[in-house]
Amino acid sequence: YAPLNTYFGIFEHHVNVNGDLSPLDDQRIVNLSRQNFVAPIAVITNLTSTGFSPYIVQQVLSSPTIRQRLIDNIDELLRSRNYAGVNIDFELVPAEERDHFTTFLRELRNRIKPAGYSISVALPFKTSDDSPSWNRGYDYRGIGSAVDFVFLMAYDWHEASSQPGPVAPINEVRKTVNYAIQTMGANKVILGVPRYGYDWTMSNGTSVSAKAISVADAYKTAMSHNVPISYSAEYQQPFFTYWDDTGRRHVVWFEDARGLAQKLQLITDRRLRGIGSWHLGLPFTQFAVLLREFFNIRRIL
């Protein structure tokens, strides 16, 4: 993928309540990234063994001392591991930490920008400031003024814990892109797109479990069960149903080349900064073809 990328976000170093970062065996991929002229970006998260932790975010962001310790640790990480920049992927930021989060990003920028490092943030989708409680901790306008760019996670409108539906419906993607442009400007926005979908197991019309599935595996699943793939013109997303060997009904929604092309056209029409994806380890054969069709790849190394 190196010829197609400006940045590689290397996932991940996670922070603890003291502002310390977890170790990661990352030196080989950082070196390979630079050898292939792709800027390696350290991704910093609030992940734990049970998922993203709002408690850790609250503990870190609300304390100026711990914030400063985390900034010191990020600065040392970038310098010692030869990264080109950092991406902050703090998810489930509590609403009461909204201003503290923006303050932290400004403090981090002031520390690392003089040395030439980039700073970016992974942002959940929003369509207005009056958003659901789970994403009120993100001040698009303030964050946009503090960072070089944002990775807008425009996916998971439906996910493993929800009922079946489109993962990245184009109508909702357009709304969140419009809001991002209004609050931070088009050149700050890298549109994040999925290389996956979900396979929901159903019982009496209700999802009882779900698993993520790559685009390539979605096609394989449909072919192995000999079922047709339908396409929603409204959402610009494919879907299909099948019955497994135990007699359980499944519903699958995923991204495909047609859905991706709609998003690439949106990026072009709205003059966004670029495209990003989660994640490169998930096979999506047509992805590279479409990128070359729509874009010229920018290098910063």
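Cut-offs applied
- Residues numbered from 1 in each chain as written.
- Predicted model: local features only at pLDDT ≥ 70, side-chain atom pairs only at ≥ 80, totals over all residues.
- Heavy atoms only, no water.
- Pairing = 2+ DSSP bridges.
- Helix = DSSP H or I, 4+ residues; strand = E, 2+ residues; numbered from the N terminus.
- Axes fitted to C-alpha atoms, helices over the stretch in contact; angles between N-to-C directions.
- Patch = residues over 30% accessible without salt bridge, like charges linked within 9 Å, V, L, I, M, F, W, Y side chains within 5 Å.
- Areas by Shrake-Rupley, 256 points an atom, 1.4 Å probe, with all protein chains shown as cover.
- Salt bridge = Lys/Arg side-chain N within 4 Å of Asp/Glu carboxyl O.
- Buried < 20%, exposed > 50% of the residue type's maximum accessible area, 1.4 Å probe, protein only.
- Arc of directions from axis to C-beta.
- Contact = heavy atoms within 4.5 Å.

Caption draft 1: Spatial organisation of the sheet that holds strand 12 (residues 237-243). Within the open sheet, the five strands sit side by side as 10-9-13-12-11. Their pairing is antiparallel. Looking along the sheet, the strands with just one partner apiece sit at the ends: strand 10 (206-214) and strand 11 (230-232). In this sheet, adjacent strand axes meet at a mean angle of 25° when their direction is disregarded. Direction of pairing for strand 12 relative to strand 13 (residues 249-254): antiparallel, over a ladder of five bridges. Counted as the bridge partner of tyrosine 242 is histidine 250 from strand 13.

Caption draft 2: Molecular detail of a nonpolar patch on the surface. On the surface, Phe37, Ile300 and Leu301 cluster together into a nonpolar patch covering about 290 Å² of accessible area. Topologically, leucine 301 is positioned in the segment after helix 9 (286-294).

Caption draft 3: Quick look at helix 9. Those residues of helix 9 lying buried are Phe287, Ala288, Leu290 and Leu291. The buried residues of helix 9 occupy an angular sector of 165° when projected down its axis, which confines them to one face. Facing away from the buried side of helix 9 by more than 90 degrees, the exposed set consists of Val289, Arg292 and Glu293. Elements in contact with the buried residues of helix 9: strand 8 (189-194), helix 8 (257-270) and strand 14 (274-278).

Caption draft 4: Focus on helix 2 (residues 54-61). Among the residues of helix 2, those classed as buried are Ile56, Val57, Val60 and Leu61. For helix 2, the buried positions fall inside an angular range of 115° around the axis, keeping them on one side.

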